[in-house]
Amino acid sequence: MEYVHGSHAGEQLGPGVQVWIGGRGFRLSELLGEGSFGAVWSATSPNFNCEVAIKEIICRSEVELGRAATEQQLLKFVGRGPVDNPGLKEDSPAAVAAKRFPSLVASEVKALGPDLWQVRLAMTRLA
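Below is a summary of the structure that appears in this document. Position labels on residues start from 1 in each chain and follow its written sequence. Side-chain atom pairs in this predicted model are given and counted only at pLDDT of 80 or more, local residue features only at pLDDT of at least 70, and totals for whole chains, interfaces and linings cover all residues. Working from all heavy atoms in the structure, the side-chain values ignore hydrogens and water.

Things to note about helix H1 (residues 62-78)
For the record, the criterion: Secondary structure follows DSSP: runs of H or I at least 4 residues long count as helices, runs of E at least 2 residues long count as strands, and numbering of each begins at the N terminus. In a helix, the anticipated span is given by 1.5 Å times the number of residues less one. Whether a residue is buried, partly exposed or exposed follows from its accessible area with a 1.4 Å probe, protein chains only, as a fraction of its type maximum: under 20%, in between, or over 50%, in that order. Note that the arc is computed from the directions linking the helix axis to the C-beta atoms.
Taking 1.5 Å per residue as the helical rise, H1 with its 17 residues ought to reach 24 Å, and the 24 Å between its terminal C-alpha atoms agrees with that figure. Along H1, the residues classified as buried are Ala68, Gln72 and Leu75. Buried residues of H1, seen end-on, are gathered within an arc of 60° and therefore sit on one face of the element. Opposite the packed face of H1, turned more than 90 degrees from it, sit the exposed residues Glu62, Val63, Arg67 and Phe77.

So, in structure tokens, the structure goes:
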């Protein structure tokens, strides 16, 4: 199934498509899941040695935008991992935690209309 982003941003997402989030480029490889919130894609980046997940959320209210912002802050706070600290020792507490929690790699919010926002979160993908 191909996920096509609505006409809001005029951008079609699919395998092989490159997206930019927070000034960082990512190439989408496969759709991992989708729902009423949006979609999650597997992606790679030439800047990192790991596969990432790209979550796109379409917010139709300030409440939904607030929830997306909370998720972004949690990813930033909880998931400090190899992207943030490439020299992390394998058995360190931070490395062990990084295997359990995704780490925020990049994020971006675009206003698409008066009460419509596109939020994209790039995070490390857990095995």
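A short note on the pattern of salt bridges
Here is the rule: Should a side-chain nitrogen of Lys or Arg be within 4 Å of a carboxyl oxygen of Asp or Glu, the pair is scored as a salt bridge.
Counted under the stated rule, the structure contains four salt bridges. For Glu108, the salt bridge is made with Lys110, and the minimal N-O distance between the two is 4.0 Å. Under the relative-accessibility criterion, Glu108 is labelled partly exposed at 24%.

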